[in-house]
Amino acid sequence: MKRSITCWITLMTLGVAFGAEGGSNSTLELTDPLATPETKALYRNLHKVATKGVMFGHEDTLAYGVGWKSTEKDFDSDVYRVCGKFPAVFGWDIGHIGTPANIDGVPFENMKIWIAKSYEKGGINTISWHSRIPGTTENAWTQKKVVSRLLPSGDLHETYKAVAAFFAGLKGPKGEPVPIIFRPFHEHNGNWFWWGAKWCTPDEYKQIWRFTIDYLRKTKGLHNIITAYSPDRFKDSQEYLERYPGDDYIDIIGHDNYGNFRSIESKDEARQALETIVLLAEERNKIAALTETGVGQGPANSKWWTDILLEVIKSSPSTKKIAWVLVWRNADKRQNYAAFPGAATVDNFKAFEADPITLFMEDLPPMYE
Ligand code: BMA
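No experiment lies behind these values; they were computed from the predicted model shown.

**A closer look at the confidence of the model for the chain**
When pLDDT is averaged along the chain, the result is 92, and 93% of the positions lie at 70 or above. Under a pLDDT of 50 for its full length, residues 1-26 has, in the predicted model, 31 contacts with residues more than four places off or in other chains.

This is how it looks when you write it as structure tokens:
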């Protein structure tokens, strides 16, 4: 508590106090008119916070880090170990749903506990889905045409429906559903996943999205879901929107981009991509976010956090408007996107955290009120 009060005072003295209700976001509307009060509040606050700073997110941050693994009782993170704060955005993945543990060995029961805890502490949870082909053990990277078989007339439809309802079990302390930013079928303009561009038509892609969201909301009665669309690198807004399910289905105009954030040479492309999504979000009164990025082997450039990521984020008035940036998981010594104790990037990550524009969990105003 003390820490968050100190943070508030720091933010106020930096002149970035969070504004009162109303203002430019008064027409901001979630695609789910029946969304729970906490979900609506989260969307409104995401928008508000995006005008003040950029939240930092990390995948699986509470589940494990380089050289350690949590139990469901722990609340720990490499990010916390390095800088004394937790990410503002907690990324999870429900690949292998229907089995005890997710695609990366995170037990689903623990995931539910960590989601509830991070929500209680004021953090934000987002769920991606490296989905197996429903009803099979074929993984997300299986390259074949199956999307049409998941649609209502397809032979995998019933199986697909059975795996589509993880969200019902996510409850806060008063039994209220925990708001989730759901980001299925990501990086679909590439061809590496079975929902990729080569493996389904734009129409099939839109249909599976719409079916999924309607099913969760209308059939299952779940109203704790904010939706995020996240193409990989794209050449222009036309490509970005080619498979867009529609303004009535998408809340977050997201983007996954590893390639352009690898080196100083491609910073301009990275900036342009962010400018495009911010523009597309503004035109629709929605929220833009860099839903995945990072360097998986730990950046070769030990100043990557400030000299590449932060610089791109701060490169124009428009890039600063993204709501968050999420880096992928810290699996082990070979695959680690966030800094961890002993990493060459520790000091630079601390400088990234200390920059007034980056917001960690402890820096957030109440997001669910
Ligand atoms: C990939 C890698 C894999 C992982 C997958 C799903 O980018 O991190 O090791 O299994 O994401 O999280």
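**Concerning the site of the ligand**
Contacts to the ligand come from Asp104, His130, Trp141, Trp328, Arg329 and Gln335. Contact distances for the ligand include 2.5 Å between an oxygen atom and a side-chain N or O atom of Gln335. Here the ligand loses 75% of its free accessible area of 310 Å² to cover by the protein chains. In a pocket analysis with a 2 Å cut-off to the grid points, the ligand is assigned to the second largest pocket. For the shell around the ligand, a count of residues per class yields two nonpolar, two polar and two charged.

**Brief notes about the layout of surface pockets**
Taken as a whole, the second largest pocket spans an internal volume of roughly 250 Å³. His130, Trp141, Phe193, Glu292 and Trp328 are the residues nearest the centre of the second largest pocket, which is lined by 16 residues in total. Here the residues of the lining of the second largest pocket are counted per class, giving seven nonpolar, three polar and six charged.

**Examining unusual backbone geometry**
Generally, phi is negative for residues other than glycine and the peptide bonds are trans, each holding for most cases. In this structure, Phe185 takes a positive phi of about 50° despite not being glycine. As for its placement among the helices and strands, Phe185 is situated in the loop between strand E6 (180-183) and helix H7 (202-219). Classification of Phe185 by relative accessible area gives buried; the value is 3%.

**A look at the packing of helix H9 (residues 267-284) against helix H10 (residues 304-313)**
Helix-helix packing is characterised by the crossing angle of the two axes and by the distance between the axes. Between H9 and H10, the least distance of the axes is 9 Å, while the angle of their chain directions is 35°. Taken as a pair, H9 and H10 cross one another with a handedness that is right-handed. Contact residues: Lys267, Ala270, Arg271 and Leu274 in H9; Asp307, Ile308, Glu311 and Val312 in H10. Here the residues of the contact of H9 with H10 are counted per class, giving four nonpolar, no polar and four charged.

**Digging into the nonpolar core**
Where a protein is soluble and globular, its nonpolar side chains tend to be buried together. In terms of nonpolar packing, the biggest core is built from 119 residues, with Met55, Ile124, Ile127, Ile252 and Phe349 touching the most fellow members. Those residues in contact with Ile124 that sit more than four places away from it in its chain are Leu42, Leu46, Met55, Ala88, Val89, Phe90, Ile181, Leu364, Met367 and Tyr368.

Each value, and the rule that gives it
- Residues numbered from 1 in each chain as written.
- Predicted model: local features only at pLDDT ≥ 70, side-chain atom pairs only at ≥ 80, totals over all residues.
- Heavy atoms only, no water.
- pLDDT = per-residue confidence, 0-100.
- Contact = heavy atoms within 4.5 Å.
- Near = heavy atom within 4 Å.
- Polar contact = N/O pair within 3.5 Å; in protein donor to acceptor, adjacent residues only side chain to side chain.
- Areas by Shrake-Rupley, 256 points an atom, 1.4 Å probe, with all protein chains shown as cover.
- 1 Å grid on protein atoms, 1.4 Å probe; cavity = no way out; pocket = protein on both sides within 12 Å on 5 of 7 lines; lining within 4 Å.
- Sits in = over half its atoms within 2 Å of the grid points.
- Nonpolar A, V, L, I, M, F, W, Y, C, P; charged D, E, K, R; others polar.
- Points joined across faces, edges and corners; volume = space filled by probe spheres on them.
- Helix = DSSP H or I, 4+ residues; strand = E, 2+ residues; numbered from the N terminus.
- Buried < 20%, exposed > 50% of the residue type's maximum accessible area, 1.4 Å probe, protein only.
- Axes fitted to C-alpha atoms, helices over the stretch in contact; angles between N-to-C directions.
- Left-handed = near helix turned anticlockwise from the far one by under 90°.
- Core = buried A, V, L, I, M, F, W, Y, C linked by side-chain atoms within 4.5 Å.

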